[in-house]
Amino acid sequence: MPPLSPPLLQVDGLSKEYAVGASLMGARKVFRAVDGVSFTLARGETLGLVGESGSGKSTVARCVMQLERPTGGRVLLNGQDLVGMSQSRLQPLRKVMQIIFQDPYSSLNPRMTVGRFVADPLLIHEGKLTREALTQRVRALFAKVGLDSSHIGRYPHEFSGGQRQRVCIARALAMSPQLIVADEPITALDVSIQAQIINLLQTLQDEQGLAYLFISHDLGMVRHICHRVAVMLRGLIVETGPADAIFSDARHPYTRALLSATLEADPARERVKTRHFFDIRQLAGQGDGFMKEVAPGHFVREYRPAT
Ligand SMILES: Nc1ncnc2c1ncn2[C@@H]1O[C@H](COP(=O)(O)OP(=O)(O)OP(=O)(O)O)[C@@H](O)[C@H]1O
Ligand SMILES: [Mg+2]
């Protein structure tokens, strides 16, 4: 039997604590933004990460990318644990994973041409490229993301929001990554442009087998593009499973409330929909609970009744 290859990404018990000032008596206070999060992501797969504002989604994203060092847990990329790895050992692995953010304008340097911005990772990782070869590579990347390759000498302010996100995607693609962490990549864009960017991400996935960790508040979009979904609440995953199971058979009271708060496209369905409300006090005194598999691959956090 051939050896089983590890998943592209395996996150295991990931935690991140922030120091949040001292208490009155001078003791150090910490806030646990992420509290033992575990999930896997296969090659070519899209995992949606959803949950209320402040639940820890972006912190997970930054810790996966090692832009911030986790306080605990493991982040295995192709079986190699990135947590605690030195910057010099991380550097070559950074080619494999890239991140795109909500606001493409703040990712761009206003004084750098977009062509130079896209070329930057190539200069860092493939320093021996000739000027000619570099220009060819950047033009090809522009074409791949649907940008006019004659615009490589322009500056960020000369582009629309959607075009700027395409520039960021082109840069992310420069090193032929296997994983793209997309932290609300379409939130800041017009609805029509959102669809274009999503189509682009899906085409790239089909062509290159990219995996996405897709963070979004747009549950309709998550349902549309994600294979699996993980729902976060206060630093914990409370439910995870195949997208179909999450959207048709949500079990955790928070997931149900989150789904019932989104508008149905069909007005008839919207009128008859059952509303679910969730108040965090419902879980008071029940501890963190434990994850239970309720159907194949569908896990829900359960709590022992308070005694
Ligand atoms: N550097 C920091 N220092 C202290 N607390 C932080 C820091 N970064 C994030 N936090 C806190 O950690 C929690 C999780 O933040 P995070 O940005 O991961 O949430 P999020 O789920 O991405 O929210 P949103 O949907 O609004 O983007 C928040 O309560 C936030 O205030
Ligand atoms: Mg966020």
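Small disclaimer: the values here were computed from a predicted structure and weren't measured.

Asks: I'm lost on the sheet that holds strand S9 (residues 228-233) in this one. Help?
Replies: Sheets are built from strands that pair by backbone hydrogen bonding, the pairs being arranged parallel or antiparallel. What the 8 strands build is an open sheet, ordered S6-S7-S8-S3-S9-S10-S12-S11; its pairing is mixed. At either end of the open sheet lies a strand with only one pairing partner, and these are strand S6 (97-100) and strand S11 (290-295). Averaged over all pairs of adjacent strands, the angle between strand axes in this sheet comes to 20°, irrespective of strand direction. Bridging between S6 and strand S7 (residues 179-183) involves 4 bridges; their strand directions are parallel. In the strand pairing of S7, isoleucine 99 is matched with valine 181. In the packing of helix H7 (residues 191-208) onto the sheet, contacts are made with strand S3 (46-51), S6 and strand S8 (211-215), and the angle to S8 comes to roughly 155°. Lying over the sheet, helix H10 (residues 253-260) contacts S3, S9 and strand S10 (236-242), oriented at roughly 105° with respect to S9.

Asks: How should I be thinking about helix H6 (residues 161-173) in this particular structure?
Replies: Quick reminder: α-helices carry 3.6 residues per turn. Residues three or four places apart thus point the same way. With 13 residues, H6 should cover 18 Å at 1.5 Å per step; its first-to-last C-alpha distance of 19 Å lies within 8% of that length. Burial within H6 is extensive, with 10 of its 13 residues counted as buried. Every buried residue belonging to H6 is among Gly162, Arg164, Gln165, Arg166, Val167, Cys168, Ile169, Ala170, Ala172 and Leu173, and all of these are buried. Contacts made by the buried residues of H6 are with S6, helix H3 (104-107), helix H4 (114-125), helix H5 (131-144), S7 and H7.

Asks: Hey, could you run me through H4 in this one?
Replies: Taken residue by residue, H4 has Val114, Gly115, Phe117, Val118, Ala119, Asp120, Pro121 and Leu122 as its buried positions. If you follow the buried residues of H4, they end up packed against H3, H5 and H6.

Asks: Could you clarify how one ought to interpret the site of ligand 1 in this entry?
Replies: Within the structure, ligand 1 sits among 14 residues, and Ser53, Gly54, Lys57, Thr59 and His217 are positioned closest to it. One of the side-chain N or O atoms of serine 53 is found 2.4 Å from an oxygen atom in ligand 1. Within the side chain of histidine 217, an N or O atom sits 2.8 Å from an oxygen atom of ligand 1. Protein contacts shield 64% of the accessible area of ligand 1, which totals 640 Å² for the unbound molecule. Elements with a minimum of two residues in the shell around ligand 1: strand S2 (28-41) and helix H1 (57-64). Sort the elements by how many residues they give to the shell around ligand 1 and H1 lands first, with 4 residues. Classifying every residue of the shell around ligand 1 by side-chain character gives 3 nonpolar, 7 polar and 4 charged.

Reading the values: rules and limits
- Residues numbered from 1 in each chain as written.
- Chains lettered and ligands numbered in written order.
- Predicted model: local features only at pLDDT ≥ 70, side-chain atom pairs only at ≥ 80, totals over all residues.
- Heavy atoms only, no water.
- Pairing = 2+ DSSP bridges.
- Helix = DSSP H or I, 4+ residues; strand = E, 2+ residues; numbered from the N terminus.
- Axes fitted to C-alpha atoms, helices over the stretch in contact; angles between N-to-C directions.
- Contact = heavy atoms within 4.5 Å.
- Expected span 1.5 Å × (residues − 1).
- Buried < 20%, exposed > 50% of the residue type's maximum accessible area, 1.4 Å probe, protein only.
- Near = heavy atom within 4 Å.
- Polar contact = N/O pair within 3.5 Å; in protein donor to acceptor, adjacent residues only side chain to side chain.
- Areas by Shrake-Rupley, 256 points an atom, 1.4 Å probe, with all protein chains shown as cover.
- Nonpolar A, V, L, I, M, F, W, Y, C, P; charged D, E, K, R; others polar.

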